[in-house]
Structures are given as structure tokens and as C-alpha cells.
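Each chain is listed here by its residues.
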Amino acid sequence: MSLADAGRERRMNAFDHAIAPVLPVLLVVTALGCVAGVLRALDIAPLHVPLDPDEGWNAYHAVAAMAGHSPYPAHTDFMVNNYPPLSFYIVGIIGLLTGDPIVAGRIVSLVSFVCACICVALAVRQMKGGLQGAIFAAVLFAAILLLTSDYVGMDDPQLLGHALQLAALLFLLPAAGTSRAVPAAAVLFVAGGYVKHDLFVLPLASIAWLATYDRRSAFRLAIWCLALSLCGLALFRLIFGVDLLGELASARLWSLFQFVENFNTWLPFVAVPILGFAGLALWHQKDPAVALVVIYASVAICVGAFLAGGAGVDVNVMFDADIALAMSAGLALGRMLEQRGPVPHVVGRVFALAGLIPFAVVALQNTEWRDGDFWLHPMRDETALATQDIAFLQARKGPAICETLAYCYWAGKPASVDVFNLDQQLRTGRRNPSPFVSLLEAHHFSAIELDETEPFPLPPLVRSAILFNYRLDHTNDDGAFLIPR
């Protein structure tokens, strides 16, 4: 080695030692920010303010399940259920303790989020990604969900399903071929699928990964998952008298514009983890752990991108991709830090810093976060406004339509209309609009809440019937409230 080369190596070593403490500090600061977000969501959980239109929808089905009724309305009803049943019973049982299934669903979501983050860290640790790599993967995943979605602490089963399936992965990683690991993993994979039907990516990726290294375990896992899924379908048919696959196959439009918009919103936050995923695929091709995250990320990105074009689809369709890319990033960091020499260490630390920069930019640009009430008294004004609108609906006797069904639920109204799914059924020709229009003309509904009227959430024929038979009572940040003319 020449004197010049030796000098460069000494300088690089010195630089490596100088910046080494930066990464742990960065991870701790990011983790504290994520903890603050979780605590704020916990503070919001008991409030009677809707966080998403689906919260009331989930609550109505959970209440039906706990009342001993089928959570799957008749096809002639204007309520629709296109989710598997498991979450309604889990949330419903907890709702008996909290007194409100929406609050119960929010608590389940928060607990599931924390469990999912822990599972991500443990999975990277089991893949020998190192302590810093495991923590980086967990905080990256947490930051993605907290800053790019509103699912953390929302009454929605998505995170519960992910937590179950990530727990299944932990059974497979240390001992995929053992007699107990495969059945246990299969039970959790299928349970996750019966919580949310779009959660099939991780089971498929796990089977494909095992097929590369342990065909016997792959075959056993596939058979167990198939058998449990078929048993679930048969049990569903026996209990509810309908076909679950038919219930899940709800009408939904798909558009290229929706796909581009959703994908472009998601991509900037995961651009750096995608580079880590690509680097792993190129430089660690024979590493079994790398093979798993590469298969998982590849399938998750493709499936999520396709689903992102569906009407009403949110960023949750990319959660599997978020998990896979967070694991990839953690594993990439771990692989770089375990190498000898200062260069890979410096590259790894710069990579981790670059991965967290988009979230720091969002946090610094959000002026609301500098207001103490945002953290100490979250959603105080929104809760006061929601209380007024709930009281308004309560005062109107008879059934009501709420696009955000939580308003109707808290107002004590019966489950009447699923506005989004009704719209999709009408637009795809799956339902005749005449029975619904007749109810509007008869002033059957005492009030109608719409999140917005431009664009109108229902097709032109229904829009005309509503505006002809109902008049605007008031509008506010919660939406437009109409009453019969």
C-alpha cells in the first residue's frame, strides 16, 4: 500500500469514527418522534371525532356481530360488507369492554402497529441485520405509516392483519423446517387473511422463498395455508349462509389516474429504501435472508401498485411494500456495518440518514406541530364541531345517510347506506338505482351527511334525486348536511 493510500485510509477511518455516534442519535430522535405520534393517537382514541369514513362502517358490522346477527347484510340492503369477518368479532369483543367499538378498533390498531414495528425489528435481527439495522427498519416503517397515512390509531383492521402475519414470519425465520413452525405460521398467515382479504403477499412470498431453500417446508406451508383457508370458507358458509368470496368481490372501478396519483404520493418516501433493496439484490444474491426480502418487496410493490388504481383505495395497499422495504433497508444497513473497512460503514450511515430525510422534511414543514395544543389537546376544535353535527343528526327522527358513518353511529342511527359501495355498485351497473331513488323521493331519510358535494359522491341520477328532494341545512369542515324539502 502506498503512502498516499495509507493516508486516505487513515482519514477515512477518522471520518468513520467521527460520524459513528450520529446514527444512534438519529435513530433515537426518530424513535422518540414516532412515540410522540403514537401517544397523540392514543389521546385521540376516545374522542367522538371521525378519523376516516370507514370507522363507522367497521363499527356497525362489529355491533351486528356482537348482537348475534350476521355482519353481512342482504344484497337488497344499501349497506355492504366486503371484508372478512374476523376483525368484527375481535373488535366487537373489546368494544364490550370500552363501550364503543370505534374506540376499541382504534386501540386494536395502535396495539397492532406497535406489535408490527417490534416484529419488523425482530425479523431483521433474526436475519442477522444487527441491532442498528433492526432498529432502523422499525423506525423507518413507523415513520412511513405515521407520516404518510392516518391508519395508526384508526378503527380499521389493516394493521391487525399485518401484525398477525409478521408474527407468522417470526416462526419461519429461525426454524422453517421444524414440525411446529410451519403449522403455527400457517395459522397466523390465514388469520391475517381473514382479518383483511388483501393480505396475501407475505404468505405467497414466504412460500416462494422456502421453495428456493427448503421445498419440503414450502410444500407443507402451502398445504397448511390452503387447508386452513378452505376450512374457513366452509365454516363461513355454514355460519352465515353465503359465500365469502362472493361477498369480497364487491364492485370497484379502476383508473390509471388513481394509480399514478397514489403511486407518486408513495414513491418519494421509499426511494432510498428501494436503493437499499436493489443493492441487496445485486451484491448479496446468495444470502437467504436477502432472498426473502427481495421476493417479498418485489411481489408487494407489484401487487400494491396494481391495487392502488382502485376507486377509494388508500395508501394501505402499499403497507406490505412498506414493511418489505423497511426490512430491506435495515438488512442493507446491517450488511454494510458488518463489513471490514471504513468505506462500507460510512456508506451505510449516509444511507440511513438519507432514508430518514424525507420524513424530517415533512415534520419541519408541518407548522401545526409547533403548536402545543396539537400534542397536548389534539383535535379539540374538530371534536367540538363533530359534537354539534352528531347532535344535529340525533335531533332528526328516523334513519339518516352518512357518508362518514361514524356520525350516524354516534347519533344512534341504524345502519342505512354505505355511500361509497353503493356508488360503486351503481356506476358499474351492479345495482338498479330505482329502489334507492324511490326512498329519496319519499323523504325516507331524515338527514343526509356528505363529506363534499363537488365532486358529488353518487352518480348523476342519484345526485339529481337528492338535490330535488333535499335542501342544504348547513355546511362546515365536516361536510354538507341536508334535510328533506
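See the structure shown above.
These notes cover the structure that comes with them.

About the criteria used
Residues numbered from 1 in each chain as written. Predicted model: local features only at pLDDT ≥ 70, side-chain atom pairs only at ≥ 80, totals over all residues. Heavy atoms only, no water. Pairing = 2+ DSSP bridges. Helix = DSSP H or I, 4+ residues; strand = E, 2+ residues; numbered from the N terminus. Axes fitted to C-alpha atoms, helices over the stretch in contact; angles between N-to-C directions. Contact = heavy atoms within 4.5 Å. Phe/Tyr/Trp six-rings, centres within 6.5 Å; stacked < 30°, edge-to-face > 60°. Buried < 20%, exposed > 50% of the residue type's maximum accessible area, 1.4 Å probe, protein only. Lys NZ or Arg CZ within 6 Å of the ring centre and 35° of its normal.

A few points about the sheet that holds strand β3 (residues 470–476)
So, step 1. The 4 strands are arranged β1-β2-β4-β3 in an open sheet whose pairing can be described as mixed. Each edge of the open sheet carries a strand with a single partner, namely β1 (400–402) and β3. Strand-to-strand twist in this sheet, taken as the mean axis angle between neighbours without regard to direction, amounts to 15°.
So, step 2. Bridge count between β3 and strand β4 (residues 479–484): 6 bridges; the pairing is antiparallel. Paired with Tyr 470 across the two strands is Pro 484, which belongs to β4.
So, step 3. The sheet contacts of helix α21 (residues 460–469) involve β2 (447–450), β3 and β4, and relative to β3 the element is tilted by about 90°.

Observations concerning the packing of aromatic side chains
So, step 1. Applying the stated rule across the entire model yields 22 aromatic pairs.
So, step 2. Both rings, one in Tyr 72 and one in Phe 236, keep their centres 5.0 Å apart while their planes meet at 80°; by these two values the pair is edge-to-face. Residue Tyr 72 is located in the loop between α3 (54–66) and α4 (86–98), and its partner Phe 236 is located in helix α10 (residues 215–240); the two are separated by 164 residues in the primary sequence.
So, step 3. Among the residues examined, Phe 236 registers a relative accessible area of 3% and is labelled buried.
So, step 4. Of the aromatic side chains, those joined through ring pairs into one cluster are Trp 254, Phe 259, Phe 263, Trp 266 and Phe 306.
So, step 5. For the cation-ring pair, Arg 40 lies above Phe 374, with the distance from its terminal atom to the ring centre recorded as 3.7 Å.

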